[in-house]
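Structural features, examined
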Amino acid sequence: DGGITQSPKYLFRKEGQNVTLSCEQNLNHDAMYWYRQDPGQGLRLIYYSQIVNDFQKGDIAEGYSVSREKKESFPLTVTSAQKNPTAFYLCASSIYVGVTNYGYTFGSGTRLTVV
Amino acid sequence: RKEVEQDPGPFNVPEGATVAFNCTYSNSASQSFFWYRQDCRKEPKLLMSVYSSGNEDGRFTAQLNRASQYISLLIRDSKLSDSATYLCAVNRGSQGNLIFGKGTKLSVKP
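Residues numbered from 1 in each chain as written. Chains lettered and ligands numbered in written order. Predicted model: local features only at pLDDT ≥ 70, side-chain atom pairs only at ≥ 80, totals over all residues. Heavy atoms only, no water.

**Some details on a positive patch on the surface**
On the surface, a cluster of positive charge is made up of Lys-9 of chain A together with Arg-41, Lys-42 and Lys-45 of chain B. Residue Arg-41 of chain B is classed as exposed on the basis of its relative accessible area, which comes to 53%. (Patch = residues over 30% accessible without salt bridge, like charges linked within 9 Å, V, L, I, M, F, W, Y side chains within 5 Å. Areas by Shrake-Rupley, 256 points an atom, 1.4 Å probe, with all protein chains shown as cover. Salt bridge = Lys/Arg side-chain N within 4 Å of Asp/Glu carboxyl O. Lys, Arg positive; Asp, Glu negative; His and termini not counted. Charge placed at Lys NZ, Arg CZ, Asp CG, Glu CD. Buried < 20%, exposed > 50% of the residue type's maximum accessible area, 1.4 Å probe, protein only.)

**Notes on the state of the cysteines**
Residues and elements named next belong to chain B. Summed over all chains, the structure comprises 2 disulfides over all chains. Covalently, Cys-23 is tied to Cys-88 through a disulfide, its sulfur atoms 1.9 Å apart. Its torsion about the S-S bond being 65°, the disulfide of Cys-23 and Cys-88 is classed as right-handed. Placement of Cys-23 in strand β3 (residues 19-25) and of Cys-88 in strand β9 (residues 84-91) is noted, with a sequence separation of 65 residues between them. Given a relative accessible area of 0%, Cys-23 falls into the buried group. A relative accessible area of 0% places Cys-88 in the buried class. In this structure Cys-40 is a free cysteine whose sulfur lies 20 Å from that of Cys-88, the closest cysteine sulfur available. Assessed through its relative accessible area of 69%, Cys-40 is described here as exposed. (Disulfide = S-S within 2.5 Å. Helix = DSSP H or I, 4+ residues; strand = E, 2+ residues; numbered from the N terminus.)

**Overview of the confidence of the model for chain A**
Mean pLDDT for chain A: 93, with 97% of residues reaching 70 or above. Across chain A, the element-wise mean pLDDT spans from 85 in strand β10 (residues 100-106) of chain A up to 98 in strand β7 (residues 64-66) of chain A. (pLDDT = per-residue confidence, 0-100.)

**Brief notes about the interface of chain B and chain A**
The partner chain A presents 25 residues to the 19 residues of chain B that form the contact. The contact between chain B and chain A buries some 1,700 Å² in all, and 51% of this surface belongs to carbon and sulfur atoms. Joining chain B to chain A, the criterion identifies 1 salt bridge. In this assembly, chain B and chain A are joined by 5 residue pairs in polar contact (both at pLDDT 80 or more). Those elements giving two or more residues to the side of chain B that touches chain A turn out to be β4 (33-38), β9 and β10 (98-100) of chain B. (Contact = heavy atoms within 4.5 Å. Buried area = accessible area lost by both parts, 1.4 Å probe. Polar contact = N/O pair within 3.5 Å; in protein donor to acceptor, adjacent residues only side chain to side chain.)

**Thoughts on the sheet that holds strand β1 (residues 4-7) of chain A**
Residue and element names in this part refer to chain A. Taken together, the 4 strands give an open sheet; going across it, the order is β1-β3-β8-β7, and neighbouring strands pair in antiparallel fashion. If you trace the sheet from one side to the other, it starts and ends with β1 and β7, each paired once. Between one strand axis and the next, the sheet turns through 20° on average, direction left out of account. Sheet analysis places β7 next to strand β8 (residues 76-78), joined by 3 bridges and oriented antiparallel. Pairing of Val-66 across the sheet is with Leu-76, part of β8. (Pairing = 2+ DSSP bridges. Axes fitted to C-alpha atoms, helices over the stretch in contact; angles between N-to-C directions.)

**Quick look at the packing of aromatic side chains**
Enumeration over the complete set of coordinates arrives at 15 aromatic pairs over all chains. Ring centres of Tyr-104 of chain A and Phe-100 of chain B lie 5.9 Å apart, and the angle between their planes is 45°; on these two criteria the pair is classed as tilted. Taken together, the residues span two chains, with Tyr-104 of chain A in strand β10 and Phe-100 of chain B in strand β10. Aromatic pair Phe-11 of chain B and Phe-21 of chain B: ring centres 5.2 Å apart, planes at 85°, arrangement edge-to-face. Here the residue Phe-11 of chain B occupies a position in strand β2 (residues 11-14), and Phe-21 of chain B occupies one in strand β3, the gap between them amounting to 10 residues. Since its relative accessible area comes to 23%, Phe-11 of chain B is described here as partly exposed. On the basis of relative accessible area, Phe-21 of chain B is assigned to the buried category, the value being 1%. The ring of Phe-74 of chain A is capped by Arg-68 of chain A, whose NZ or CZ atom sits 6.0 Å from the centre of that ring. (Phe/Tyr/Trp six-rings, centres within 6.5 Å; stacked < 30°, edge-to-face > 60°. Lys NZ or Arg CZ within 6 Å of the ring centre and 35° of its normal.)

As structure tokens, this is what we get:
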């Protein structure tokens, strides 16, 4: 079955560490996204990519980095510069044609906790 | 005005009730509108796309009002299993990425 897979499900990070969250999709979607969800804050866009080897900053990109070397993969690195990384991280993909988004499919998320 | 706003609720309704949620958006150039359902500690799942002409899927009806810049979701004959948080999402003008509301929590009671 086609879908989008995030790993790991839970991740614990020590202060000063960089960690990388994995996101893989086999839906043949061009566009991929990373959001962060905090209680009471809703989903906030970190980075997005509409094509391989290209990506754009979202609303809260500071302290994060991404790459898009393959259509299927869009990993997110949470760097030590991100001061408050504890959150639920959601990866999504979509078909995107012109200015029309046909709706996201989300992965099951990664819960990151700083210890 | 925030880009996308929803009443956080909670909406506490008895089984069988009809409940409606609204979501306002600020960018008149937005073209794509969605309702998502999110269960506790789970990822959001697409419930419905919202079309200009309105659309219905079983007990769920979605409407778009471009003049007043809001979308709505109507749930008829509420079930216990409808208890969840409902997120609206709107594309950011000419960009394809979506802006999400903070969600409206629905609790359906026996």
